[in-house]
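A look at the structure
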Amino acid sequence: MFQSFFPKPKLFFLSFAFWALACILGWYLIIQDLGDTLSLGSLFGVHFPDALTADADAAAQAAFQSAQKTALNAWLYQYMALCYGAFIGAWMIYGGQKWAKWSVIGSAIIIFVTWFSVQLNVMLNTWYGNFYNLIQKALSEPNSITLNEYFDQLFSFASIAFIFITVAVLNSFFVSHYVFRWRTAMTSYYSSKWQQVRHIEGASQRIQEDTMRFASIVEGLGISLLRSIMTLIAFLPILWGLSGYVKELPFVGEVPQALVFVAIIWSIFGTTLLALAGIKLPGLEFKNQRVEAAYRKELVYGEDDKGRAEPATLSELFLNVRKNYFRLYVNYLYFNVVRYGYLQAGVLVPLIALAPTIVAGTITFGIFRQITNAFDQVENSFQFLVNSWTTIVELLSIYKRLKAFEAAIEDQPLPKVDQDYLAASGDQ
């Protein structure tokens, strides 16, 4: 599943995890402070500003912060280019695998685009604060803002949104090709081993359909996981800073960094709750794939053999399909009750947490929008398993099916469910 597409998969993913961690720690601990010395931004007119004097006014401080932020961002992109280049170059030389251009360079592009999308969300969060503070000022003091100020804010949003849409469309196009290349690699590998795997139940479907679904789901879940991690890295410091406006929680009292505390506790509760509610689903999804394959296989045989696909046989096979679907429906019934109930209750969590602060009137409307947006971003990141549980269930069922291929190719014992199927069918 992975070896056909990625060079030395275990080492590749482990090296990526350690390299990414080292680069992130290096940036925050050392590298970002070296920008005024090492950055090439000055070649393009992006300079780190000179230090402010002690008597600098508010306008000078705002200009300094803006210039500092721009220069630091330019230095960050240079550092990221160096980190990406080193990792990609090393694996292109060391990997030596047919699909390395897509698996290594393609993965790097997807990861960068995911990070860039998170940065756009951070920019939107800042825009929320500025825009809604402007709205509050306009509503509380008539004619205190101009139309130009108002439309400048809308233009800022439109600019960010345009970039976001463009990146999303291009990334979707690229990911489609990436997934198909992965499917091609798996299909080519399994097809070359056809004589070793042809006796596996539903072998044709596993090669034709499951390879595509596996590549697509793993890619989607991988991006979601990376986005969750990157969102936490970007928004946790923001939520940590905004927590300074929230001095106490209802029913609890004063809690340091209350918003971060609430987001973590609520997300852990939801993840545990959903995991318990959906614990039976992976097995049922796998059985569902099996009974569907058996029914479909008998129909295919019946196209060429008059003695196959008799009504009694088809009725029995379809009865198995029916029973398993009904079990799935029952399990998804209470799973969805828990899932949707939890997600809807989550809408109220930040509003409840902010109740004493709102009643006391200690924050502006802009700060309120920044807090709720940052809280949602952090909460959703912590709830990766909650939001992806049904997809993970589907992936597990596909993984189990393809794992039988791996066992057959490597001359290892088949999984028990496949052994039971072969024993029942008399096929060896």
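Just so you know, these numbers come straight off a predicted model, no measurement behind them.

Looking at the overall build of the protein chain
- Per the secondary structure count, the protein chain includes 14 helices and 2 strands.
- Taking all contacts inside the protein chain whose residues are at least 6 apart in sequence as the whole, residues at least 24 apart take part in 79%.

Quick look at the confidence of the model for the protein chain
- When pLDDT is averaged across the protein chain, the result is 80; 90% of the residues are at 70 or more.
- Confidence, expressed as mean pLDDT per element, reaches its minimum in the protein chain at helix α14 (residues 416-425) with 54 and its maximum at helix α1 (residues 9-29) with 88.

A word on the UniProt feature "transmembrane region" (unreviewed entry) in the protein chain
- Feature annotation in UniProt places "transmembrane region" (unreviewed entry) on residues 12-31, 76-95, 102-124, 154-180, 214-238, 258-279 and 348-368, given in this structure's numbering.
- The span residues 258-279 is 91% helix and 0% strand, and its two end C-alpha atoms sit 32 Å from each other.

Thoughts on the packing of helix α8 (residues 258-277) against helix α10 (residues 311-353)
- As a packed pair, α8 and α10 sit with axes 10 Å apart at the nearest point and diverge in direction by 175°. With respect to each other, α8 and α10 are oriented roughly antiparallel. Only Tyr334, Phe335, Val338, Arg339, Tyr342, Ala345, Gly346, Val349 and Ala353 of α10 make contact with α8, whose side of the interface consists of Val262, Trp266, Ser267, Phe269, Gly270, Leu273, Leu274 and Ala277.
- For the contact of α8 with α10, the per-class residue count stands at 13 nonpolar, 3 polar and 1 charged.

Some thoughts on a nonpolar patch on the surface
- Side chains of Leu21, Leu25, Leu29, Ile30, Leu34 and Leu38 sit close together on the surface and give an oily, nonpolar patch of about 570 Å² of accessible area.
- Here the element with the most residues in the nonpolar patch is α1; it accounts for 3 residues.
- Residue position: leucine 21 is located in helix α1.

Brief notes about the environment of isoleucine 88
- Structurally, isoleucine 88 is set in helix α3 (residues 58-95).
- Sequence separation of isoleucine 88 and phenylalanine 16 is 72 residues, and the distance between their C-alpha atoms is 10.0 Å.
- When near neighbours in sequence (up to four residues on either side) are disregarded, isoleucine 88 contacts Val104, Ile105 and Ala108.

What to know about the environment of glycine 129
- Inspection of the secondary structure puts glycine 129 in helix α4 (residues 100-140).
- Taking the C-alpha atoms as reference points, glycine 129 and isoleucine 367, separated by 238 residues in sequence, lie 5.5 Å from one another.
- If we skip the residues at most four places from it in the chain, glycine 129 touches Gly366 and Gln370.

With respect to the nonpolar core
- Core analysis: the biggest nonpolar cluster contains 57 residues, and Leu239, Leu281, Phe335 and Ile371 have the highest contact counts within it.
- When sequence neighbours within four positions are dropped, the list of residues in contact with phenylalanine 335 reads Leu274, Ala277, Gly278, Leu281, Trp389 and Thr390.
- Listed in part, the 30 residues of the second largest apolar core include Phe5, Trp91, Val218 and Leu402.

As for a positive patch on the surface
- A cluster of basic residues, Lys287, Arg322, Lys323 and Arg327, forms a positive patch at the surface.
- It is α10 that provides the largest number of residues to the positive patch, a total of 3 residues.
- Mapping arginine 322 onto the fold places it in helix α10.
- Its relative accessible area of 42% is what places arginine 322 among the partly exposed residues.

A look at the side chain of serine 267
- Topologically, serine 267 is positioned in helix α8.
- Discounting chain neighbours no more than four positions away, the residues touching serine 267 are Tyr342, Glu379, Phe382 and Gln383.

As for the packing of α10 against helix α12 (residues 365-382)
- One can describe the packing of α10 onto α12 by two numbers: an axis separation of 10 Å at closest approach and a directional angle of 135°. When the interaxial angle is binned, α10 and α12 end up oblique. Two packed elements cross with a definite hand, and for α10 against α12 that hand is right-handed. Listed contacts from α12 to Gly346, Val349, Pro350 and Leu351 of α10 are Phe368, Phe375, Asp376 and Glu379.
- Across the contact of α10 with α12, the residue classes break down as 5 nonpolar, 1 polar and 2 charged.

Let's talk about the packing of aromatic side chains
- Considering all chains together, one arrives at 34 aromatic pairs under this definition.
- Ring geometry for phenylalanine 131 and tyrosine 132: centres 5.3 Å apart, planes at 80°, overall edge-to-face.
- Under the relative-accessibility criterion, phenylalanine 131 is labelled buried at 8%.
- Summarising the aromatic geometry, the rings of tyrosine 132 and phenylalanine 365 are spaced 5.2 Å apart at their centres and angled 80° between planes, so their arrangement reads as edge-to-face. A residue pair is termed long-range when its members are at least 10 positions apart, and tyrosine 132 in helix α4 and phenylalanine 365 in helix α12 qualify at 233 residues.

A few points about unusual backbone geometry
- A positive phi angle is found at lysine 8, which is not glycine, with a value near 45°.
- Relative to the helices and strands, lysine 8 resides in the segment before α1.
- Look at asparagine 143: it is not a glycine, yet its phi comes out positive at around 65°.
- Checked against the element boundaries, asparagine 143 lands in the loop between α4 and α5 (147-192).
- According to the relative accessible area criterion, asparagine 143 is exposed, its value standing at 78%.

Regarding the environment of glycine 45
- Along the chain, the position of glycine 45 falls in the loop between α2 (35-38) and α3.
- Judged by its relative accessible area of 54%, glycine 45 falls in the exposed class.
- Linking glycine 45 and alanine 71, residues 26 residues apart in sequence, is a C-alpha distance of 9.5 Å.

Side note on the side chain of asparagine 121
- If you trace the backbone, asparagine 121 turns up in helix α4.
- Residue class for asparagine 121 comes out buried when judged on its relative accessible area of 18%.
- Those residues in contact with asparagine 121 that lie beyond four places of it in its chain are Phe164, Phe235 and Gln377.

Criteria and thresholds
- Here the residue numbering is sequential within each chain, running from 1 through the sequence in written order.
- pLDDT decides what is reported in this predicted model: residues at 70 or higher carry local features, side-chain atom pairs at 80 or more are listed and counted, and totals for whole chains, interfaces and linings draw on all residues regardless.
- The side-chain quantities take in all heavy atoms of the structure and omit both hydrogens and water.
- Secondary structure elements follow DSSP: runs of H or I of four or more residues count as helices, runs of E of two or more count as strands, with numbering from the N terminus.
- Should any heavy atoms of two residues lie within 4.5 Å, those residues are considered in contact.
- Here pLDDT means the predictor's own confidence in every residue, given as a number from 0 to 100.
- UniProt positions are given in the numbering used here, feature names are shortened, and annotations may be inferred rather than shown by experiment.
- Only the contacting stretch of a helix is used when fitting its axis, a line to C-alpha atoms as for every element, and angles between N-to-C directions run 0 to 180 degrees.
- For classification purposes, an angle smaller than 35 degrees is called roughly parallel, one larger than 145 roughly antiparallel, one from 65 to 115 roughly perpendicular, and anything else oblique.
- Residues are grouped as follows: Ala, Val, Leu, Ile, Met, Phe, Trp, Tyr, Cys and Pro are nonpolar; Asp, Glu, Lys and Arg are charged; all remaining types, including Gly, are polar.
- A patch consists of residues exposed above 30% relative accessible area that lack any salt bridge, with like charges linked at up to 9 Å and nonpolar side chains (Val, Leu, Ile, Met, Phe, Trp, Tyr) linked at up to 5 Å.
- For the accessible areas, the method is Shrake-Rupley and the probe is 1.4 Å, while residue cover comes only from the protein chains on display.
- Counted as salt bridges are all cases of a side-chain nitrogen of Lys or Arg within 4 Å of a carboxyl oxygen of Asp or Glu.
- Residues belong to a common nonpolar core when they are buried Ala, Val, Leu, Ile, Met, Phe, Trp, Tyr or Cys residues joined through side-chain atoms within 4.5 Å.
- Each residue's exposure class comes from its accessible area (1.4 Å probe, protein chains only) as a fraction of the maximum for that residue type: buried when under 20%, exposed when over 50%, partly exposed otherwise.
- Counted charges follow a simple rule, with Lys and Arg positive, Asp and Glu negative, and His plus the chain ends left uncounted.
- For the purpose of locating charges, the reference atoms are NZ of Lys, CZ of Arg, CG of Asp and CD of Glu.
- A crossing counts as left-handed when the near helix is turned anticlockwise from the far one by less than a right angle, and as right-handed when that turn is clockwise.
- The aromatic pairing rule takes the rings of Phe, Tyr and Trp, using the six-membered ring of Trp, and pairs them if the centres are within 6.5 Å, calling planes under 30 degrees apart stacked, those over 60 edge-to-face and the rest tilted.

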